[in-house]
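Next come the chains, spelled out residue by residue.
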Amino acid sequence: MIVNNALCDSARQGTTNMNEMCPQYEDTATRDKSHQVLEPVTTRQYRGVHSEIESKKAICCVKMFGTLAASLLTPEGVLLVALVGLLYYYVVIRSTRYFADRGVAFVPPVPLLGNGADFITRKRHITDILSEMYNRFTKHRFFGYFDFLSPIYVVRDLELVKQICIKDFDHFVNHRIQLDENHDPLFGRALFAMRDTRWRNMRTVLSPAFTGSKMRLMFGLITSYCDGAVRTIRSEMASNGRAELEMKELFRRFGNDIVATCAFGIEINSFRDRTNAFYTLGKELTNLEGVQGIKFLAFSSFPRVMRALRLRLFSAKMTSFFRHVVMDTIAQREQRGIVRHDMINLLMEARKQELKFDENDNLDTSNGGTGQQKKLMDWTDDDLTAQCTVFFFGGYDTVSTLSAFMAHELAVNPDAQERLRDEIDSVRTSIGGADKLTYETLQSMRYMEMVANETMRKWTPAPFLDRTCTKPYVLEDYNGHKVHLKKGDGLWVPAAAIMRDPEIFPEPDRFWPERFGEDGQGPVDSAAMLTFGIGPRNCIGSRFALMEVKAVFFFLLTHFVLEQGPRTQHPLKLKKASLGPSAEKGFWIQFRLRDQGGHQS
């Protein structure tokens with residue numbers, strides 16, 4: 001018999017899988033021997049048919065497990081089980097003794113997932129995990145951490161951090177991440193992913209592009225955009241002069257447009273054209289949440305496996321988009337003789353430079369010497385694209401994250417906001433208007449610098465810094481115990497935990513910009529400010545990032561007061577699924593026009 005309509009569909013679905021699992025089982029419940037459709041059945045009859053089907057499924061499953069068990073009891077099956085168990089022991093169990101065998105303090109990891117299991121399963125943010133371990137091992141200069149199965153030495157002592165990253169930098173030149181520069185050119189050829197001599201040469205070539213004088217040339221592009229964008233926001237506010245806005249979204253649009261003009265020479269207004277290609281692809285490029293965040297970690301933890309699998313960190317579509325943008329822009333400028341003070345122009349100049357290289361193919365920066373050959377550095381189209389793309393990544397994500405946290409702290413700390421606004425008003429009056437703002441004037445704003453520094457200290461965009469040992473090295477603990485590192489060993493610096501250490505920064509959970517001023521509790525060790533890294537491998541674009549953040553807030557606070565709104569989460573909680581810091585419920589802040597409630601713009 002067959003069940004018509006809904007009952008028929010259910011019966012068919014229930015028997016289809018059964019037929020696939022057990023070919024010898026024939027569906028006698030739906031048709032008679034002549035294959036004629038019979039009359040509809042009652043609910044009781046259907047239940048009987050369904051019960052019979054479920055019973056036969058159970059019998060089939062029992063037979064399957066019985067067959068599997070029987071096969072495992074054969075000599076071949078026993079050997080297979082033994083090999084799997086042995087492999088698990090050596091790969092998983094034995095590896096967890098890595099730090100115990102070396103006398104290094106550590107927390108026993110979760111098999112396969114390591115000490116970051118709570119992050120992988122979205123129970124805690126990785127910053128919270130590292131901070132807990134940092135505070136647990138106060139009697140040690142370093143401790144062990146399992147990044148999945150990879151052992152990592154986490155250096156918590158600031159003096160040892162300075163020694164490793166500055167004095168003994170030659171032993172820790174490279175980052176852990178390894179990307180195939182041909183298969184994944186956007187980041188594989190970027191400065192931060194380069195290694196050894198290739199990194200040294202590219203860093204030397206690019207450094208002049210990020211000096212104060214070059215920032216000064218790009219500053220006009222930033223202020224011109226900020227003024228127009230803020231006026232656009234102002235014109236779209238409600239009649240009561242208020243609007244509740246999500247800060248990460250807001251500053252992504254600021255960052256997207258500023259870097260699009262400063263890096264690629266393209267004028268965009270993401271507040272009007274809200275789905276432009278730069279903005280939508282930028283969100284994909286900087287997405288470090290969920291699977292993409294885990295993939296990013298995997299490229300550091302299992303670089304050989306990821307390369308063997310030919311996996312990309314970013315899509316071919318994204319690579320093609322940025323490559324065409326850069327190449328088309330360069331071609332047009334070379335054909336028309338266009339000179340624009342932006343990142344592409346600086347890279348075009350760098351590509352034309354004749355540089356001196358020594359016999360080991362290292363860039364020679366000395367003024368004298370004989371025998372050096374001058375030649376052009378071997379720049380490919382992808383080399384140019386990669387540097388612009390990473391510049392875009394930093395301006396889009398790092399700056400938007402820092403700005404979102406800064407807006408939140410100013411909204412929930414009105415005294416700090418009022419003091420910063422007073423400084424902005426004073427400067428604006430002295431120079432004759434915001435349109436007269438210069439790079440030098442912005443740099444001279446002391447309280448703006450203090451607010452930016454305190455935001456970076458409390459909410460650093462990078463939870464940790466990473467390095468790979470490139471030469472044998474010895475770590476010595478407080479008690480004199482020495483551990484020998486070999487080439488290839490990984491090392492982390494828990495930046496977020498260090499900058500929340502009460503021994504270094506008293507009252508670390510308090511937003512107190514004055515700690516960086518003359519009325520603070522003593523001078524701040526500049527090496528403890530790890531937001532943009534430390535030593536020769538620090539962020540090359542840090543000066544540009546800070547310039548952008550300061551300029552944006554100069555114009556925002558000229559026009560608006562930032563206040564807590566109905567959706568403002570305070571205190572902030574970090575989103576557990578994101579590798580980078582982000583607010584669990586978003587950065588919702590209420591904007592109020594300054595000419596409302598007695599304030600004058």
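What you see is a predicted model; the values in this text were computed from it and never measured.

## Notes on the UniProt feature "binding site: heme" (unreviewed entry) in the protein chain
Here, the residues flagged by UniProt with the feature "binding site: heme" (unreviewed entry) are Cys539. In this fold, cysteine 539 is placed in the loop between helix H21 (495-498) and helix H22 (542-559). Ignoring sequence-local partners within four residues, the contact set of cysteine 539 consists of Arg203 and Phe532.

## A few points about the pattern of salt bridges
Enumeration according to the criterion identifies 36 salt bridges in this entry. With a closest N to O distance of 3.3 Å, aspartate 489 and lysine 486 form a salt bridge. Connected through shared salt-bridge partners, Glu181, Arg189, Arg198 and Asp383 make up one network.

## Quick notes on the sheet that holds strand S10 (residues 560-564)
Strand order in this open sheet of three strands is S3-S11-S10, and the pairing throughout is antiparallel. Each edge of the open sheet is held by one strand with a lone partner, namely strand S3 (242-246) and S10. Pairs of neighbouring strands in the sheet enclose a mean axial angle of 35 degrees, with direction left out of account. Sheet topology note: the S3/strand S11 (residues 588-593) ladder contains five bridges and is antiparallel. Bridged to glutamate 244 within S11 is glutamine 590. The sheet strands contacting helix H11 (residues 247-263) are S3 and S11, and the helix crosses S3 at an angle near 80 degrees.

## Considerations on the pairing of strand S2 (residues 150-155)
In terms of burial, S2 is a largely internal element, five of the six residues being buried. Two strands pair when backbone bridges link them, and strand S1 (residues 142-147) and S2 are joined in this way by six bridges, in the antiparallel orientation. Counterpart to aspartate 147 in the pairing with S2 is serine 150. Hairpin geometry of S1 and S2 is characterised by an intervening segment of two residues between the two adjacent antiparallel strands and by a positive phi of about 60 degrees at phenylalanine 148. Taken together, the three bridges between S2 and strand S9 (residues 490-493) define a ladder with parallel strand orientation. Bridge pairing in S9 places isoleucine 152 opposite glycine 490.

## Let's talk about the confidence of the model for the protein chain
In the predicted model, the protein chain carries a mean pLDDT of 82, and the fraction of residues at 70 or more is 79%. In the model, residues 1-41 has pLDDT below 50 throughout and makes 44 contacts with residues more than four positions away in sequence or in other chains. Taken as a whole, residues 596-601 scores under 50 in pLDDT and shows nine contacts with residues more than four places along the chain or in a different chain.

## Concerning the sheet that holds S1
Taken in spatial order, the four strands of this open sheet run S1-S2-S9-S6, and their pairing is mixed. The open sheet has two edge strands with one neighbour each: S1 and strand S6 (465-468). Taken over all neighbouring pairs, the strand axes of this sheet differ in orientation by 30 degrees on average, direction set aside. Running at roughly 145 degrees to S1, helix H6 (residues 126-136) makes contact with S1 and S9 of the sheet.

## Overview of the environment of arginine 156
By the secondary structure assignment, arginine 156 is in the loop between S2 and helix H7 (158-167). For arginine 156, a relative accessible area of 8% gives the class buried. Sequence separation between arginine 156 and alanine 497 is 341 residues, and the spatial gap between their C-alpha atoms is 8.4 Å. Contact partners of arginine 156, with chain neighbours within four places excluded, come to Tyr134, Phe137, Thr138, His140, Arg141, Phe142, Phe143, Pro494, Ile498 and Asp501.

## Some details on the side chain of asparagine 453
Along the chain, the position of asparagine 453 falls in helix H20 (residues 446-458). Using a relative accessible area of 15% as the deciding quantity, one classes asparagine 453 as buried. Those residues in contact with asparagine 453 that sit more than four places away from it in its chain are Phe516 and Met529.

## Brief notes about unusual backbone geometry
In this structure, proline 571 follows histidine 570 across a cis peptide bond, with omega equal to 0 degrees. Positionally, proline 571 belongs in the loop between S10 and S11. The backbone of phenylalanine 148 shows a phi angle near 60 degrees, a positive value even though the residue is not glycine. One can find phenylalanine 148 in the loop between S1 and S2. Judged by relative accessible area, phenylalanine 148 falls into the buried class, the value being 12%.

## Overview of the packing of aromatic side chains
Aromatic ring pairs: the centre-centre distance and the angle between the two ring planes describe each pair. In this structure the tally under the stated criterion is 32 aromatic pairs. Aromatic side chains phenylalanine 210 and phenylalanine 391 sit 5.8 Å apart centroid to centroid with 55 degrees between the ring planes, which places their arrangement in the tilted category. Taken together, the residues span a long stretch of sequence, with phenylalanine 210 in the loop between helix H9 (196-206) and helix H10 (212-235) and phenylalanine 391 in helix H17 (residues 381-412) at a distance of 181 residues. Over the aromatic face of tryptophan 459 sits the side chain of arginine 500, whose NZ or CZ is 5.0 Å from the ring centroid.

## Some details on the nonpolar core
Counting 164 residues, the largest nonpolar core has Phe251, Phe254 and Phe544 as its most contacted members. Examining the composition of this core, we find that 14 residues originate from one element, H17, more than from any other. When residues no more than four places from it in sequence are discounted, the contact partners of phenylalanine 544 are Met215, Met218, Ile222, Ile258, Val259, Cys262 and Phe391.

Procedures and definitions
Residues numbered from 1 in each chain as written. Predicted model: local features only at pLDDT ≥ 70, side-chain atom pairs only at ≥ 80, totals over all residues. Heavy atoms only, no water. UniProt positions renumbered as here; feature names shortened; annotations may be inferred. Helix = DSSP H or I, 4+ residues; strand = E, 2+ residues; numbered from the N terminus. Contact = heavy atoms within 4.5 Å. Salt bridge = Lys/Arg side-chain N within 4 Å of Asp/Glu carboxyl O. Pairing = 2+ DSSP bridges. Axes fitted to C-alpha atoms, helices over the stretch in contact; angles between N-to-C directions. Buried < 20%, exposed > 50% of the residue type's maximum accessible area, 1.4 Å probe, protein only. pLDDT = per-residue confidence, 0-100. Phe/Tyr/Trp six-rings, centres within 6.5 Å; stacked < 30°, edge-to-face > 60°. Lys NZ or Arg CZ within 6 Å of the ring centre and 35° of its normal. Core = buried A, V, L, I, M, F, W, Y, C linked by side-chain atoms within 4.5 Å.

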